[in-house]
Amino acid sequence: MLTAKQNNQLVDLTQIPKKELAQLKLSSNYECPYCGSPVIFKQGPKRRAHFSHITPCDYDSHTHESEAHQLSKLVLSQWLINQGATSVQLEYRLSAVNRIADIYFEWNQQKYVFEIQKSLMTPELFEQRNKDYCQSGIQVIWIFIRDIQERSHTYLLNQVMRLQKGNRLIHFNVLTETLTFFDHLVWLNQKEVEGTIQAVPLKFLSLDQLLFPPQAYKQKRLSQWLAIKKEFRCQKYVGYQRKEYGLLRMCAPFLINLSLLPSVVGWPIEEVAYEKPLFIWQAYVVLCIMSNYEEHEVFTLSEIRQKLRLHYRLKESQHTWLGLKKYLELLSMFGMIREQFGYYEYIKKPHLYLQLEPYLIEDEQLGQLWLQQKN
């Protein structure tokens with residue numbers, strides 16, 4: 001904690017020169033500005049100067065912040081001031097909802113808070129915090145500071161960042177003072193994402209760029225997505241064959257395995273439809289249609305959703321309806337089905353091959369169709 005009260009006067013460590021901080025050790029009677037309980041001043045060679053509670057605080061947890069968390073607050077608050085934001089305040093108290101925001105500020109007559117998050121929390125607590133700020137008329141922007149891992153075409157996100165599915169993700173590296181933005185995210189599984197990813201040093205970033213994500217869709221490189229598909233066909237499918245016995249049973253009548261899934265499977269959908277990896281739940285959808293319908297038969301979105309939930313026991317996510325609808329639109333573009341008057345007609349069976357090479361060629365052909373749609 002970077003603020004405390006002494007004799008009803010606020011002591012803000014961010015406003016005290018480093019040379020004068022040592023004098024604070026000579027004083028006492030510091031109190032938490034929120035709950036009023038005693039706090040003590042701490043400073044050492046490895047920890048930035050801060051106040052620490054003797055007993056737990058009654059307000060939202062903020063008493064065990066890491067060095068990276070405290071330093072991030074200092075750097076970002078100073079950046080906000082330099083950007084011209086008004087009413088910038090660290091550890092801002094919202095008594096109505098019993099919350100303490102890391103950084104509060106105002107911009108163009110709108111209220112905002114930065115919540116800097118490193119430690120784990122439950123999805124329920126994460127959603128509750130969002131609701132509390134919304135009810136207070138404040139827009140919350142989550143900035144994550146826990147480590148992430150970059151792969152050749154994707155990123156492995158930490159457990160905290162996975163809480164914010166369906167929204168823009170922002171990661172801050174306090175050592176390099178760089179913000180990384182993750183937009184148009186496609187969740188390949190519960191940990192791994194692909195999308196439009198841009199790292200911008202704070203000194204080159206405007207506040208409007210942070211607050212307002214670009215509306216225009218940035219074209220994904222087709223070669224990158226084809227590389228992801230090829231990696232699944234050649235390597236990653238092995239791990240899923242040990243787990244997805246239900247899907248393998250669906251593959252058996254068509255004499256294929258997970259490496260030889262139809263080329264209409266495995267295309268980017270930004271909404272997470274089911275609690276399965278993207279390639280796997282799309283395979284369930286395609287094989288469900290192939291297994292339950294003859295060519296030129298019709299079905300509805302609700303029927304497919306019911307079969308996937310009841311017959312194949314797929315667990316739905318928050319965005320099931322939208323994600324499934326978008327994928328059916330993609331299958332329509334690929335010519336497998338046709339949508340008309342709220343129904344879908346099964347037009348033709350996808351091509352099936354006994355070897356991998358024809359699939360890789362067809363993946364590229366369908367990729368051109370997908371690219372044209374995005375353009």
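To be clear, the structure that these remarks concern was listed above.
Residues numbered from 1 in each chain as written. Predicted model: local features only at pLDDT ≥ 70, side-chain atom pairs only at ≥ 80, totals over all residues. Heavy atoms only, no water.

Participant: What is the right way to read helix 5 (residues 222-241) from this model?
Facilitator: Two residues of an α-helix separated by three or four positions point the same way, owing to the 3.6 residues in each turn. With 20 residues, helix 5 should cover 28 Å at 1.5 Å per step; its first-to-last C-alpha distance of 27 Å lies within 8% of that length. Helix geometry: helix 5 is bent most strongly at Gln-235, by close to 55 degrees. Of the residues making up helix 5, those classed as buried are Leu-222, Gln-224, Trp-225, Leu-226, Ile-228, Lys-229, Phe-232, Arg-233, Tyr-237 and Tyr-240. (Helix = DSSP H or I, 4+ residues; strand = E, 2+ residues; numbered from the N terminus. Expected span 1.5 Å × (residues − 1). Bend = angle between axes of the 7 residues up to and from the residue. Buried < 20%, exposed > 50% of the residue type's maximum accessible area, 1.4 Å probe, protein only.)

Participant: What exactly am I supposed to notice about the pattern of salt bridges here?
Facilitator: By the definition in use, this model includes twelve salt bridges. For Lys-73, the salt bridge identified is with Glu-91, shortest N-O distance 3.0 Å. Note that Lys-73 is positioned in helix 2 (residues 67-83) and Glu-91 in strand 6 (residues 86-94), a separation of 18 residues in sequence. For Lys-73, a relative accessible area of 0% puts it in the buried group. (Salt bridge = Lys/Arg side-chain N within 4 Å of Asp/Glu carboxyl O.)

Participant: I keep staring at the packing of helix 5 against helix 7 (residues 278-292) and nothing clicks. Help me out?
Facilitator: Each packed pair of helices is defined by two parameters, the angle between the axes and the distance between the axes. The interhelical angle for the contact between helix 5 and helix 7, taken along N-to-C directions, is 85 degrees, at an axis separation of 11 Å. Comparing their axes, helix 7 and helix 5 come out roughly perpendicular. Counting all contacts with helix 5, which are made through Trp-225, Ile-228, Lys-229, Phe-232 and Tyr-240, the residues of helix 7 involved are Leu-278, Phe-279 and Ile-280. When the residues that make up the contact of helix 5 with helix 7 are grouped by side-chain class, the tally is seven nonpolar, no polar and one charged. (Axes fitted to C-alpha atoms, helices over the stretch in contact; angles between N-to-C directions. Parallel < 35°, antiparallel > 145°, perpendicular 65-115°, else oblique. Contact = heavy atoms within 4.5 Å. Nonpolar A, V, L, I, M, F, W, Y, C, P; charged D, E, K, R; others polar.)

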